[in-house]
Every structure is written in structure tokens, then in C-alpha cells.
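# Fold and geometry: a report
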Amino acid sequence: MSAQAQAFKKEGNKLFQAGRHKEAIEKYTQAIAADGTDHTFYSNRSAAYAALEMWEEAAEDGRSCIRVKKDFIKGYFRLAVALRALKRYKDAVDNIKMGLAVDPGNADLKKQASEMEEIMRKEKVVALAAKAHELAQNSDFGEALKTIDRGLALDGGNKELTTLKARIEPKFQAAEKRRVQGLSRPERAKEDGDAKYKNADFEGAIAAYTACLDALPSKTTDLALKALGNRAACYKQLSNFDGTIEDCTAVLEVEPDNVKSLVRRAQAFEAVERYKSALQDVKFVLSMPPNTVGQANWSLCNTMQHRLNRVVQQLKTGNM
């Protein structure tokens, strides 16, 4: 500890208390130059910068304070205040969470987090309302209603959103009616299957997807492949794994790298104890580019691969 640095800090504190914040900053800066290992110098200078509404500088000193002494809670508070003033609410909340990991019961940090989460919620609602208006103006009533519902999930009593929804819904229903009237018989059957699937009526969905496929001259069109994929999902829900395998295979004959069908077929193969076939599908998925597969599918297949490798090895050694 440098005596000279502490003397500079003491002078800075007196200037700060007198409201002479710019001069206080100069003294704290001299203290830091003399001894950069004292967290209180950064904390005090952050407070002085905050008093002058120099928020970027206040935030940087908050970070320095935390870097020097990670368990000094006031450093997290200093940084949070600055980030809040800069309207960087998510960064502020993330910082507060780090502080609460050090001191879970800190009331000041909890209060800051609660206030900023409320600010973010309100700003999200405002942004969703603006987006819904834009979508409605472009006659994209379906997406506008979805956006409104996301806003209402955050603020159920929002007058702007409820008024907009009441105005848009009749227009959406009319547009949807016209859209459905323009669909072909197979397209209508496929949409009927989708609706039944969402309502967990898997047998009804299978019937609808089958009607769609029966009405199509080819099973290689986009519509046919979607119906086959969705029917495979229904079969899987009902534990009809042979049906799942058959429909997934039909899709994969046209689209060999269809990830959903590969994963779904691998799961069905495993369920009927065709472990080598399941392992082959899983390995193929894992050989594909990660951005094509997606994190969830990659993790699932990676877990399946380890499990299936053990099973196949046990079968080879006769331990099953």
C-alpha cells in the first residue's frame, strides 16, 4: 500500500464530498498512477465519473474495480449503474448476476436487477407493438398476430396491443379463408393433418396426411415429403416404429441429408433393436456441418452414438 496513493485518495474524497468531481477525478487518477492495485481508487473514480454523467468512463472504472478485487460488491454496483445509464440493460443484468454469485443476498444488486428486468420487459413490449404495426401495414396479419401474442405474454393488459389485435383478427380470418379456398385438395389435407398434430390427435393426423399422399401423383414433391415427414412423427408418437422407419426412408430416398428424418429413423431403429442401422444414421448426422444439424440434434445424436456403440460392442462380445 502506497502512502502517497492513499494521500491522493484522501484528497479526492474531500473534493468529491465538496461536489468538486472533476478535481476529485484528477486525485483518484494520481492515486491509481501511484498504486494500481487498490480497488477503492477505481470505485471512487467511477462514482465521480457517474456524478458528472460520464458513463462510459464510470463503467470502465467499475470493470477495473472488479478486475482488481472480484469479491468487492460495490464494483459490480458501480458498473451496473453505469451500464443502466447507457441503456445496456442486458449487460447490466449479466454483471449483477456475477455480483450475486459473490454475494447472493445483496439487496442493492437484487433491486437493480429487478428494476432493469422491468425496463427490458417494457422496452420489449414497445418493440413488439411497433413490429406488429409494421406487419399489419404490410398485410402480414398472421405474423402480426403472433407478434401481438408475444407482447401480450409480457404485458397481458396492454391496451395498444389488445386494440390492434381486435382490429387485425377479422382481416386475418378473411385472408385465411381466401387462402384456404385457393388450396388444392392435397394441400388442405396436409393442413388438416398439421392442425390435428398440434392438438395431439395423432391418429387423425395420420389419416389426413395419408389422404394428402393418396391425392398426389408423386411422392417426391415438397408437399409429399412434408406429409411423409409429419406422418412419420405421428407414427413415432404412437410407437409405430415400423411406420416411422418406412416414411423416413421414403423422405431420405429423395433428400438423403434430411436431418429430421435421419434422427427420427435412428430413434425408431433403436426402438426396434436395429442398433447398427441406428448407429449408421447417427454417425451420418454427426458427419454433417454443425450449422446444418443444429445444436439440439447434434447433442442428441452424440449421446445416442455413445449409447449405441456400447450396445453394439456388448452384442459382439455376447454380454447381452
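Residues numbered from 1 in each chain as written. Predicted model: local features only at pLDDT ≥ 70, side-chain atom pairs only at ≥ 80, totals over all residues. Heavy atoms only, no water.

## Things to note about helix H7 (residues 107–137)
We count it as follows: Helix and strand labels come from DSSP, where a helix needs a run of H or I of at least four residues and a strand needs a run of E of at least two; each type is numbered from the N terminus. In a helix, the anticipated span is given by 1.5 Å times the number of residues less one. We call a residue buried when its accessible area falls under 20% of the maximum for its residue type, exposed when it is over 50%, and partly exposed in between, using a 1.4 Å probe and counting protein chains only. Contacts were defined at the residue level, with two residues in contact if any of their heavy atoms lie within 4.5 Å. By the criterion applied in these results, polar contacts are pairs of N or O atoms within 3.5 Å in which, for protein atoms, one can donate a hydrogen and the other can accept it, and in which residues neighboring in sequence qualify only through two side-chain atoms.
A rise of 1.5 Å per residue sets the reference length of H7, with its 31 residues, at 45 Å; its end C-alpha atoms lie 45 Å apart and thus fit the reference within 8%. Along H7, the residues that are buried comprise Leu109, Gln112, Ala113, Met116, Val125, Leu128, Ala129, Ala132, Leu135 and Ala136. In this fold, the buried residues of H7 make contact with helix H5 (73–85), helix H6 (89–102), helix H8 (141–154) and helix H9 (159–181). Looking at where H7 begins, the residue whose side-chain oxygen comes 3.2 Å from the main-chain nitrogen of aspartate 108 is asparagine 106. Where H7 ends, the next residue or the one after it, serine 139, has phi of about 65°, a positive value.

## With respect to the nonpolar core
Spelled out, the test is: For the purposes of this section, nonpolar cores are sets of buried Ala, Val, Leu, Ile, Met, Phe, Trp, Tyr and Cys residues that join through side-chain atoms within 4.5 Å.
In this structure, Tyr76, Leu79, Ile96, Leu109 and Met116 are the most contacted members of the largest nonpolar core, which totals 23 residues. The element contributing the most residues to this core is H5, with six residues. Ignoring any residue separated from it by four or fewer positions in sequence, one finds leucine 109 in contact with Ile73, Tyr76, Phe77, Ile96, Gly99 and Leu100. One finds Val263, Leu279, Leu286 and Cys301 within the second-largest nonpolar core, a separate group that totals 21 residues.

## Let's talk about the side chain of threonine 244
With respect to the helices and strands, the residue threonine 244 is situated in helix H13 (residues 241–254). Only 3.4 Å separates the side chain of threonine 244 from the backbone oxygen of alanine 232, close enough to count as a polar contact. From its side chain, threonine 244 meets the backbone oxygen of asparagine 240 in a polar contact 3.0 Å long. Look past the residues within four positions of threonine 244 in its chain and what remains in contact with it is Ala232, Tyr235, Lys236, Arg264 and Ala268.

So far we have only geometry, and geometry alone does not tell us how the molecule works.
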